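Here is how the chains run, residue by residue.
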Amino acid sequence: GDNRTVPKLRAVLSELRQSGVSKIVCQGYCWGGRYSVLMGGTDHVDGFIVAHPAFVKVPKDVEAITKPGLFILAENDHTFSDKDVTKTRDVVT
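Residues numbered from 1 in each chain as written. Predicted model: local features only at pLDDT ≥ 70, side-chain atom pairs only at ≥ 80, totals over all residues. Heavy atoms only, no water.

J.: Whenever I open this one, unusual backbone geometry confuses me. Can you help?
T.: Following Val58, the chain continues to Pro59 via a peptide bond in cis, the omega torsion being 10 degrees. Along the chain, Pro59 falls in the loop between β2 (47-51) and α3 (60-63). The phi torsion at Cys30 lies on the positive side, around 55 degrees, for a residue other than glycine. As for its placement among the helices and strands, Cys30 is situated in the loop between β1 (25-29) and α2 (31-39). (Helix = DSSP H or I, 4+ residues; strand = E, 2+ residues; numbered from the N terminus.)

J.: Please clarify how helix α4 (residues 82-92) should be interpreted in this entry.
T.: Each α-helix turn comprises 3.6 residues. Residues three or four places apart therefore point the same way. Within the span of α4, buried status applies to Asp84, Val85 and Thr88. Around the axis of α4, the buried residues are gathered within 100 degrees of arc, so they sit on the same side. Away from the buried face of α4 by more than 90 degrees, exposed residues Asp82, Lys83, Arg89 and Asp90 are located. Residues of α4 that are buried sit in contact with α3 and β3 (69-72). (Buried < 20%, exposed > 50% of the residue type's maximum accessible area, 1.4 Å probe, protein only. Arc of directions from axis to C-beta. Contact = heavy atoms within 4.5 Å.)

J.: Looking at this structure, how should I read a nonpolar patch on the surface?
T.: A surface patch of nonpolar side chains, amounting to about 210 Å² of accessible area, comprises Val12, Leu16 and Val21. In this structure, Val21 sits in the loop between α1 (2-18) and β1. (Patch = residues over 30% accessible without salt bridge, like charges linked within 9 Å, V, L, I, M, F, W, Y side chains within 5 Å. Areas by Shrake-Rupley, 256 points an atom, 1.4 Å probe, with all protein chains shown as cover. Salt bridge = Lys/Arg side-chain N within 4 Å of Asp/Glu carboxyl O.)

J.: Just checking my understanding: could you explain the sheet that holds β3 for this structure?
T.: Pairing between the strands of a sheet is mediated by backbone hydrogen bonds and can be parallel or antiparallel. With parallel pairing, the three strands of this open sheet are ordered in space as β1-β2-β3. Both edges of this open sheet fall to β1 and β3, since each of them pairs with a single strand only. Averaged over all pairs of adjacent strands, the angle between their axes in this sheet comes to 10 degrees, without regard to strand direction. Sheet topology places β2 next to β3; four bridges connect them, and they run parallel. When the bridges of β3 are listed, Val50 appears paired with Phe71. Each of β1, β2 and β3 is contacted by α2, which is oriented at about 150 degrees to β1, the strand it contacts most. (Pairing = 2+ DSSP bridges. Axes fitted to C-alpha atoms, helices over the stretch in contact; angles between N-to-C directions.)

Here's what the structure looks like:
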(Lines give C-alpha, C1' and ligand atoms only; values in the text may rest on other atoms or scores of the structure.)
Protein backbone atom coordinates (compact mmCIF):
# COMPACT_ATOMS: atom_id res chain seq x y z
CA GLY A 1 0.00 0.00 0.00
CA ASP A 2 0.86 3.67 -0.11
CA ASN A 3 2.22 3.74 3.44
CA ARG A 4 4.92 1.25 2.52
CA THR A 5 5.55 2.03 -1.14
CA VAL A 6 5.66 5.84 -1.23
CA PRO A 7 8.41 6.23 1.43
CA LYS A 8 10.54 3.65 -0.38
CA LEU A 9 10.08 5.45 -3.70
CA ARG A 10 10.95 8.80 -2.14
CA ALA A 11 14.08 7.33 -0.57
CA VAL A 12 15.29 5.85 -3.87
CA LEU A 13 14.54 9.03 -5.80
CA SER A 14 16.26 11.18 -3.16
CA GLU A 15 19.31 8.94 -3.32
CA LEU A 16 19.42 9.32 -7.10
CA ARG A 17 19.30 13.12 -6.76
CA GLN A 18 22.02 13.10 -4.10
CA SER A 19 24.22 10.95 -6.32
CA GLY A 20 24.10 13.60 -9.06
CA VAL A 21 21.24 12.51 -11.29
CA SER A 22 19.85 15.80 -12.55
CA LYS A 23 16.68 14.67 -14.35
CA ILE A 24 14.34 11.89 -13.27
CA VAL A 25 11.22 10.70 -15.05
CA CYS A 26 9.33 7.80 -13.52
CA GLN A 27 7.25 5.36 -15.51
CA GLY A 28 4.59 3.11 -14.08
CA TYR A 29 2.55 0.35 -15.65
CA CYS A 30 -0.66 -0.96 -14.08
CA TRP A 31 -0.18 -0.87 -10.28
CA GLY A 32 2.96 1.20 -10.75
CA GLY A 33 0.90 3.79 -12.63
CA ARG A 34 -0.60 5.01 -9.38
CA TYR A 35 2.84 5.63 -7.91
CA SER A 36 4.05 7.45 -11.02
CA VAL A 37 1.04 9.74 -10.77
CA LEU A 38 1.70 10.30 -7.05
CA MET A 39 5.36 11.11 -7.72
CA GLY A 40 4.19 13.53 -10.44
CA GLY A 41 2.89 15.67 -7.61
CA THR A 42 6.25 15.90 -5.83
CA ASP A 43 9.69 17.40 -6.36
CA HIS A 44 11.19 13.90 -6.47
CA VAL A 45 10.72 13.69 -10.24
CA ASP A 46 10.82 16.03 -13.22
CA GLY A 47 8.10 14.17 -15.09
CA PHE A 48 6.15 10.93 -15.22
CA ILE A 49 4.64 8.40 -17.60
CA VAL A 50 1.78 6.02 -16.91
CA ALA A 51 0.45 3.19 -19.05
CA HIS A 52 -2.69 1.19 -18.23
CA PRO A 53 -2.75 2.77 -14.74
CA ALA A 54 -4.58 1.03 -11.91
CA PHE A 55 -5.78 2.31 -8.53
CA VAL A 56 -5.35 5.98 -9.46
CA LYS A 57 -7.80 7.99 -7.38
CA VAL A 58 -9.45 10.26 -9.90
CA PRO A 59 -9.70 13.20 -9.59
CA LYS A 60 -7.79 13.49 -6.26
CA ASP A 61 -4.43 12.02 -7.41
CA VAL A 62 -4.60 13.81 -10.77
CA GLU A 63 -5.34 17.19 -9.18
CA ALA A 64 -2.10 16.91 -7.18
CA ILE A 65 0.09 16.59 -10.31
CA THR A 66 2.60 19.42 -10.69
CA LYS A 67 5.02 17.89 -13.21
CA PRO A 68 4.68 17.18 -16.93
CA GLY A 69 3.25 13.76 -17.60
CA LEU A 70 2.18 11.34 -20.28
CA PHE A 71 -0.86 9.10 -19.90
CA ILE A 72 -0.89 6.10 -22.24
CA LEU A 73 -4.45 4.84 -22.04
CA ALA A 74 -6.18 1.97 -23.75
CA GLU A 75 -9.69 2.05 -25.12
CA ASN A 76 -12.08 0.15 -22.83
CA ASP A 77 -9.53 -0.32 -20.05
CA HIS A 78 -11.01 -2.01 -16.98
CA THR A 79 -8.42 -0.42 -14.65
CA PHE A 80 -8.89 3.16 -15.89
CA SER A 81 -12.48 3.63 -16.99
CA ASP A 82 -13.84 6.02 -19.60
CA LYS A 83 -15.17 8.07 -16.68
CA ASP A 84 -11.62 8.26 -15.23
CA VAL A 85 -10.27 9.32 -18.63
CA THR A 86 -12.85 12.10 -18.92
CA LYS A 87 -12.21 13.35 -15.37
CA THR A 88 -8.45 13.25 -15.94
CA ARG A 89 -8.76 15.25 -19.16
CA ASP A 90 -10.92 17.80 -17.36
CA VAL A 91 -8.25 18.25 -14.67
CA VAL A 92 -5.13 18.38 -16.85
CA THR A 93 -6.45 20.51 -19.71
